[in-house]
Amino acid sequence: MDERRDPYPPAQGGRPPLAAASRLSPVQQAYGAYAGHAIACDACRDVDRTCADAGRLWKAWKALADDAFDQLANETG
């Protein structure tokens with residue numbers, strides 16, 4: 001096959017990537033907490049079980065997301 005075997009050239013100096021210098025929004029952080037829990041929790045990974053922590057994290061994310069949406073709607077409306 002014609003697959004490249006040599007490594008890619010190193011990145012040239014300059015500014016660090018923007019993502020490294022930025023922070024997630026509160027909505028993104030809340031969803032990340034929920035998703036991280038759901039991946040690591042045995043109960044959350046089992047279809048037949050429920051987890052109170054996941055419910056709490058989901059509600060916290062949903063409340064932040066709804067609030068953010070309402071703020072945007074009020075600014076444009």
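Residues numbered from 1 in each chain as written. Predicted model: local features only at pLDDT ≥ 70, side-chain atom pairs only at ≥ 80, totals over all residues. Heavy atoms only, no water.

> Outline helix 2 (residues 26–40), supporting the account with residue identities and numerical values.
Taking 1.5 Å of rise per residue, 15 residues should cover 21 Å, and helix 2 covers 21 Å from first to last C-alpha, within 8% of that figure. All of the buried residues along helix 2 are Ala30, Tyr34, His37 and Ala38. In an axial view of helix 2, the angular spread of the buried residues amounts to 100°, which keeps them on one side of the axis. Of the residues in helix 2, the exposed ones pointing more than 90 degrees away from the buried face are Ile39 and Ala40. Contact partners of the buried residues in helix 2: helix 3 (42–45) and helix 4 (52–76). (Helix = DSSP H or I, 4+ residues; strand = E, 2+ residues; numbered from the N terminus. Expected span 1.5 Å × (residues − 1). Buried < 20%, exposed > 50% of the residue type's maximum accessible area, 1.4 Å probe, protein only. Arc of directions from axis to C-beta. Contact = heavy atoms within 4.5 Å.)

> Residue-level account of the pattern of salt bridges, with values.
For the coordinates displayed, the defined rule picks out 2 salt bridges. For Asp42, the salt bridge goes to Arg45, with nearest N and O atoms at 2.4 Å. Of this pair, Asp42 and Arg45 both sit in helix 3, 3 residues apart, roughly one helical turn. Assigned by exposure class, Asp42 and Arg45 land together as exposed. Asp66 is the salt-bridge partner of Lys62, the closest N and O atoms lying 3.3 Å from each other. Remark: Asp66 and Lys62 occur in helix 4; sequence separation between them is 4 residues, near one turn of the helix. Judged by relative accessible area, Asp66 falls into the partly exposed class, the value being 36%. (Salt bridge = Lys/Arg side-chain N within 4 Å of Asp/Glu carboxyl O.)

> Residues and numbers for the environment of Gly32, please.
Its place among the elements puts Gly32 in helix 2. As a C-alpha pair, Gly32 and Leu57 span 25 residues in sequence and 9.6 Å in three-dimensional space.

> Describe the packing of aromatic side chains, naming the residues involved and giving the relevant values.
Within this structure, the stated rule accounts for 4 aromatic pairs. Ring geometry for Tyr34 versus Trp58: centroids 5.1 Å apart, planes at 65°, classification edge-to-face. Placement of the pair is Tyr34 in helix 2 and Trp58 in helix 4, with a sequence separation of 24 residues. Given a relative accessible area of 37%, Trp58 falls into the partly exposed group. Linked through ring pairs, Tyr31, Tyr34, Trp58 and Trp61 together constitute an aromatic cluster. (Phe/Tyr/Trp six-rings, centres within 6.5 Å; stacked < 30°, edge-to-face > 60°.)

> Can you break down the packing of helix 2 against helix 4 residue by residue, with the values?
Here helix 2 crosses helix 4 at 160°, and the two axes come no closer than 9 Å. Our classification of the angle between helix 2 and helix 4 gives roughly antiparallel. Like other packed secondary-structure pairs, helix 2 and helix 4 cross with a definite hand, here left-handed. Judged by residue contacts, Pro26, Val27, Ala30, Tyr31, Ala33, Tyr34 and His37 of helix 2 engage Asp53, Ala54, Leu57, Trp58, Trp61, Leu64, Ala65 and Ala68 from helix 4. (Axes fitted to C-alpha atoms, helices over the stretch in contact; angles between N-to-C directions. Parallel < 35°, antiparallel > 145°, perpendicular 65-115°, else oblique. Left-handed = near helix turned anticlockwise from the far one by under 90°.)

Honestly, that's just the spatial picture; any functional story needs more than this.
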